[in-house]
Amino acid sequence: MTEASPGLFLGQSLDGDAAAQTLLFRRANRHGVVAGATGTGKTVTLQIMAQGFSDAGVPVFCADVKGDLSGIAMAGSPNEKLLSRAGSMGLTLNPKAAPVVFWDLYGQKGHPIRTTVSEIGPVLLARMLNLNEVQEGVLSVVFHVADKEGLLLLDLDDLRSMLVHVGENAERIGREVGNVAPASIAAIQRSILQLEQQGGDAFFGEPALRLEDMMRTGLDGRGQVNVLDATRLMNSPRLYAAFLLWLLSELFEQLPEVGDPDKPRLIFFFDEAHLLFNDTPAALREKVEQVVRLIRSKGVGVYFVTQNPADIPDSVLAQLGNRIQHALRAYTPSEQKGLKAASESFRANPAFDTAEAIQGLGVGEALVSTLDDKGAPTVVSRTAIRPPDSRLGPATDAERAQIMGASPVRGLYDTVVDRESAEEILAARRGEADQAAADARLAEAKAKADAAAAKEAEKAAAAHAKEQARAQARYEREAARAPARRSTRETPVEAMTKSVLRTAGSTLTRELLRGVLGGLRRR
C-alpha cells in the first residue's frame, strides 16, 4: 500500500474476489480485537498492525509477552515463502525496522517505567495487592489521610510509613473517617511485602513516566513504537494487568478531546487481555468499560489481544468494531461455547459458515471484519495476513542494547530520584516527637531531682534546728543547776589568770635574786 492509502493493509481475501482487507485509519479509534489460539499467528498480526500504524505516523504501545515481538525493531529478511506470499497479494516487501523504544518495568530489557503510589490510586493498587473489600477501604483511608496532610506517596516505602502513621493514630482518624482495624493494616503490609518480592517495588518512584515520551513522531513522520518487555512481568499477572489499565486510564485522564480524527493519536494493544477481566471486581470492570467507551474521543484506539473473544465481557466486546479472528480449536464444551460466541460476533458471510471457517483457518490466516466509511462492520472475510517488513523473531540482546543506546529517551528514566516524601516527613515528625518526649522526660527527671534535693535540704535544716534546740535546752538546764553545786573544775579564765600570776611571781623572784647576788653589778 502507498503512503496515500486511507488505511492499513492487513492482507488479501481468500474468498475468490481477492479483495484487499484494509483497516481504515479514520475508524481505527473504534477499537478492535485480535483473537486466536496459540501458534495461529496473532503476534505476527500484531506486528504488522503496529508497524503499519507507525508508518502512517501513529505512535503505538504494545506488550511483548513472549519476547518475539522485539523483532519489529529490526529489518526483516524475507525468505522465498514470504516473498511468494507477498507476490500473490501484489505486495512488494520493503524490509525495514520500525522506530522502537524498549520499556521494562524492571529496567533490564528496556527503559524503566515508573509511576508514583499517589498517581496510581487506591483502586488499582488494591487490585495489585489482591486486597478484599474491607482492606481496600482501609487503603482508601490511607490515601485520604495522605492527601489531607499533604504527604506525597511516591514509592512503597512511603506507603508503608503511611500505614504505620495511620495505625498509630487510628483512634483519632477513626473518629473522622471510620474504623481502621489493625488487622487490615497488617494484611496490607503483608501484601506489600509480597509485591516487593515479585519486584513490583521497581514500578513505584520517580521520575514518573510522561505520556508525551510515548507519543513521539520522528522527523521521518513515523510514529514511535513502544514495546514493553513483559516476559518477566507476566509472572505477576495482576501487576501486569493493573499497569496496563493504569496507563490506559492516564491516557484517558490527560489527553484532550479530539472527536474522530483522520487517524488515531495512539494505538494501544492490550495483549493477554483476559488477565484484565479475571476476578475483576464489578466496580473496576465498570471503570474499564467506561474508559474503553470514552477514550476513543481522545483519539486512542484500544486493541485487545487474547485467545478467545469470550475472555472479554460482552459490554466491552460490543465496543470493538475492528475484528481479526485467527483459528480456534473447540474440543471441550467451554471451548465450543467460545467458538459460538466468536462466530456470532461477526457480520455473516453467505459464502461460508463462520464457526466452521474459524476452525479451518491455517497459520497466518484469519477472519477479518473492519468498519467501513460509514462506521458499519464489513462482511467477514477469510483473509491471508500479509508478511511483515520487520524481522520474524526476537532481537538479540546486543541489538536491543544498541537500540536503547540510541533511544530518544535515553537517560531520562534510568536514574531513580528520591525526593522528600511521606517517609522522610513522617520520620522527621517522629524524630521531633521522640526528641520532645526525651526533653520532657529529662525535664521531669530534673524536676524530681530538684524536688528531692529541696526536700533533703529542708529535712537537714529541720534536723539542724532540732539539734540546736536540744543544745540550747541542755545549756539552759546546766545553767540552772550551777548555783547549787559549784564545779571544782576551773574555767579557762581561771586557768589563764593563774598562769599570769605565776609568771609575774617568777620574774619578781629572779629580779630580787639578782639584786642580792649582784653586788658586783654596776648601776
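Computed from a prediction, not measured in an experiment: that's the story for all the values here. (Residues numbered from 1 in each chain as written. Predicted model: local features only at pLDDT ≥ 70, side-chain atom pairs only at ≥ 80, totals over all residues. Heavy atoms only, no water.)

**Quick notes on the pattern of salt bridges**
Stage number 1. Taken as a whole, this structure holds 21 salt bridges when the rule is applied.
Stage number 2. Taking the shortest distance from any N to any O, the salt bridge between Arg-30 and Asp-260 comes out at 3.0 Å. A residue pair is termed long-range when its members are at least 10 positions apart, and Arg-30 in the loop between β2 (20-24) and β3 (32-35) and Asp-260 in the loop between α8 (237-254) and β8 (266-271) qualify at 230 residues.
Stage number 3. Judged by relative accessible area, Asp-260 falls into the partly exposed class, the value being 42%. (Salt bridge = Lys/Arg side-chain N within 4 Å of Asp/Glu carboxyl O. Helix = DSSP H or I, 4+ residues; strand = E, 2+ residues; numbered from the N terminus. Buried < 20%, exposed > 50% of the residue type's maximum accessible area, 1.4 Å probe, protein only.)

**Topic: the sheet that holds strand β5 (residues 100-104)**
Stage number 1. The mixed open sheet is built from twelve strands, whose spatial order is β2-β1-β12-β11-β10-β3-β9-β8-β4-β7-β5-β6. The open sheet terminates on both sides in strands that have one partner only, identified here as β2 and β6 (111-112).
Stage number 2. Contacting β4 (60-64), β7 (225-229), β8 and β9 (300-306), α8 runs over the sheet at an angle of about 160 degrees to β8. (Pairing = 2+ DSSP bridges. Contact = heavy atoms within 4.5 Å. Axes fitted to C-alpha atoms, helices over the stretch in contact; angles between N-to-C directions.)

**Some points on helix α4 (residues 133-148)**
Counting along an α-helix, one turn takes 3.6 residues, and residues three or four places apart therefore face a common direction.
Stage number 1. Taking 1.5 Å per residue, 16 residues should reach 22 Å; α4 reaches 23 Å between its end C-alpha atoms and fits that length.
Stage number 2. Structurally, α4 contributes buried residues whose contacts are with α3 (117-129), α5 (156-168), α6 (170-177) and α7 (182-197).
Stage number 3. In this structure Asn-132 caps α4, since a side-chain oxygen of it lies 3.1 Å from the backbone nitrogen of Val-134.
Stage number 4. Positioned one or two residues after α4, Gly-150 has a phi angle of 65 degrees, which is positive. (Expected span 1.5 Å × (residues − 1). Polar contact = N/O pair within 3.5 Å; in protein donor to acceptor, adjacent residues only side chain to side chain.)

**Describing the pairing of β7**
Stage number 1. Counting buried residues in β7 gives five out of five residues, a clear majority hidden from the surface.
Stage number 2. Here β7 shows two buried faces, one formed by Val-225, Val-227 and Asp-229 and the other by Asn-226 and Leu-228.
Stage number 3. Inspection of the sheet shows β4 paired to β7 by five bridges, in the parallel sense. What sits directly across from Phe-61, in β7, is Asn-226.
Stage number 4. Here β5 pairs with β7 via four bridges, running parallel. Residue pairing in the sheet places Val-100 in a bridge with Val-225 of β7.

**Focus on the packing of α4 against α6**
Stage number 1. Direction vectors running N to C along α4 and α6 enclose 95 degrees, while the axes themselves pass 12 Å from each other. In terms of axis orientation, α4 runs roughly perpendicular to α6. Between α4 and α6, the residues in contact are Val-141, His-144, Val-145 and Lys-148 and Ile-173, Glu-176 and Val-177, respectively.
Stage number 2. Of the residues assigned to the contact of α4 with α6, the class counts are four nonpolar, one polar and two charged. (Parallel < 35°, antiparallel > 145°, perpendicular 65-115°, else oblique. Nonpolar A, V, L, I, M, F, W, Y, C, P; charged D, E, K, R; others polar.)

**A closer look at the confidence of the model for the protein**
Stage number 1. Taken over all residues, the pLDDT of the protein has a mean of 88, while the share at 70 or more is 91%.
Stage number 2. In the model, residues 1-5 has pLDDT below 50 throughout and makes three contacts with residues more than four positions away in sequence or in other chains.
Stage number 3. Every residue in residues 512-523 is under pLDDT 50, and counting partners more than four places away or in other chains gives three contacts. (pLDDT = per-residue confidence, 0-100.)

**Re the side chain of Ser-54**
Stage number 1. Mapping Ser-54 onto the fold places it in helix α1 (residues 42-55).
Stage number 2. Side-chain polar atoms of Ser-54 contact the backbone oxygen of Gly-223, separated by 2.6 Å.
Stage number 3. Residues in contact with Ser-54, not counting those within four places in the same chain, are Val-60, Pro-99, Gly-221, Arg-222, Gly-223 and Val-225.

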